[in-house]
Amino acid sequence: MNKISNLNIKILSLIIFTGLIVATHNLIIPKNILFLLLKLLFLIPSVALIVNIANSIPKNLLYLVSKIVGAFGLVVLIVISYNASKRKPDSVNELYTDFTWLINWPKWLDTPFMHWINKGWKGFISDYGLIFDAIGYGLLRGYTELKGIIVQAPWPVVIIGVIAITYFTSGKKIGTTVFVGFCTFFIGFLNPRFWDKAIETTTMVVIGIAICVIIGIPIGIAMARSEKVRNAVLPILDTMQVIPAFCYLIPGIILFGLGAIPAIISIFIYACPPLIRLTDLGIRLVDKEVIEAARSFGASKKQMLLGVQLPLALPNIMQGINQCTMMALAMVVIASMIGTRGLGDEVLLGLQQLNVGAALEAGLAIVLLAIVLDRMTQAYGDKIQERTQPGKKKN
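Residues numbered from 1 in each chain as written. Predicted model: local features only at pLDDT ≥ 70, side-chain atom pairs only at ≥ 80, totals over all residues. Heavy atoms only, no water.

A few points about the confidence of the model for the chain
Item 1. Confidence in the prediction of the chain, expressed as mean pLDDT, is 79, and 86% of residues score 70 or more.
Item 2. Mean pLDDT in the chain bottoms out at helix α1 (residues 2–25), which sits at 65, and peaks at helix α8 (residues 193–225), which reaches 88. (pLDDT = per-residue confidence, 0-100. Helix = DSSP H or I, 4+ residues; strand = E, 2+ residues; numbered from the N terminus.)

This is the structure we're talking about:
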């Protein structure tokens, strides 16, 4: 009975999602954030229904249907590219009489993906541009306030704060604390102007990581609890990790303009997949005997997740946050090419002026900042590891 009700919900979601798409396209309903959120809300059950239908089809039949659809789609694309090309032959008969198009790639065989993407992107910006303006304003306000607080604080207070945070998060390890304090001091000691630059870079990294944690960990939990969600999300994660980092900057510039905000959005796209994957992996690696013991004591799904699975998966989750931090710092350096201030801006300036000393000096400051962030997150992960595995010897 429960399966039937779930199936009805998915079918209803697919119908509503299709109706929203059609109504929005025909301007029956306005294109605003409310209906955009409704589309996203009904999209997940609709995708789950399509996945269920695909799983119910025999594999041989599914492969045959996919081959037929793929071949038909290829033929349609060739016809569309031929008809849309401005450099096609005057007559189709020329293809049978002049075979030079078989030697060099024919200019008329060019699928107009660029025109489709640009047209769709312009329509999306005109319909939902105000939404992204509001998001950009909120992120910019948070970035400005956080940066202002840290920049206005005396530099000894900042160093003492970093040392205190490292001391308590590392389980009061003196060696790690002293090393992090030395690296923090040496950032400003390299060049006085690197201090404020490092604070700007750190602020962007912290905000980007916060967004990754807020969105990435729940997605990882959903993937671990549902195989269907995992199969639907994995291709998206693969795409996010395969696309070159520079490509993330283009939509960020169009949606949010130049500056720190597109860098923060690029950090989320670039650095979030490792956190999602390691959260999923950590929950899946929890011992099944422990889960069965929790079930035998009558633990609900919520109690099992919050009291058993997440605490035992925390070392993997912290490793994901550590990887997320390193990738976020790398993305901030790349984002210096779109006007993002920070240490990456100093590296770019040194390269433009062919000033090897300035570029290497700024690069060393970035390395020191990376060591500080890495040691802080890694030390906290080791502390959690020692709590969850009491038999492990402390360093």
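Now, onward.
A look at the packing of aromatic side chains
Item 1. Under the counting rule described, the total for this entry stands at six aromatic pairs.
Item 2. Judged by centre distance (5.5 Å) and plane angle (35 degrees), the ring pair of Phe182 and Phe186 falls under tilted. In this pair, Phe182 and Phe186 both sit in helix α7 (residues 174–190), four residues apart, roughly one turn of the helix.
Item 3. By relative accessible area, Phe182 is classed as partly exposed at 47%.
Item 4. For Phe186, a relative accessible area of 25% gives the class partly exposed.
Item 5. Clustering of aromatic rings is evident, with ring pairs tying together Trp155, Phe182, Phe185, Phe186 and Phe189. (Phe/Tyr/Trp six-rings, centres within 6.5 Å; stacked < 30°, edge-to-face > 60°. Buried < 20%, exposed > 50% of the residue type's maximum accessible area, 1.4 Å probe, protein only.)

What to know about the state of the cysteines
Item 1. Summed over the entire model, instances satisfying the criterion amount to zero disulfides.
Item 2. Residue Cys324 stays outside any disulfide, its sulfur separated by 3.7 Å from that of Cys212, the closest cysteine.
Item 3. Judged by relative accessible area, Cys324 falls into the buried class, the value being 1%. (Disulfide = S-S within 2.5 Å.)

Quick word on the layout of surface pockets
Item 1. A volume near 720 Å³ is recorded for the second largest pocket.
Item 2. In terms of lining residues, the second largest pocket is bounded by 26 residues, among which Val162, Thr202, Val206, Leu373 and Met376 are the most central.
Item 3. Put simply, the parts of the chain that give the lining of the second largest pocket at least two residues each are α5 (113–152), α6 (155–169), α7, α8, α13 (301–334) and α15 (356–388).
Item 4. Tallying contributions element by element places α8 first for the lining of the second largest pocket, with eight residues.
Item 5. Looking at side-chain class alone, the lining of the second largest pocket contains 20 nonpolar, six polar and no charged residues. (1 Å grid on protein atoms, 1.4 Å probe; cavity = no way out; pocket = protein on both sides within 12 Å on 5 of 7 lines; lining within 4 Å. Points joined across faces, edges and corners; volume = space filled by probe spheres on them. Nonpolar A, V, L, I, M, F, W, Y, C, P; charged D, E, K, R; others polar.)

Some thoughts on the packing of helix α11 (residues 260–284) against α13
Item 1. Between α11 and α13, the least distance of the axes is 7 Å, while the angle of their chain directions is 155 degrees. Classified by the angle between their axes, α11 and α13 sit roughly antiparallel to one another. Here α11 and α13 pass one another in a crossing that is right-handed.
Item 2. Along the lines of polarity and charge, the residues of the contact of α11 with α13 split into 18 nonpolar, eight polar and no charged. (Axes fitted to C-alpha atoms, helices over the stretch in contact; angles between N-to-C directions. Parallel < 35°, antiparallel > 145°, perpendicular 65-115°, else oblique. Left-handed = near helix turned anticlockwise from the far one by under 90°.)

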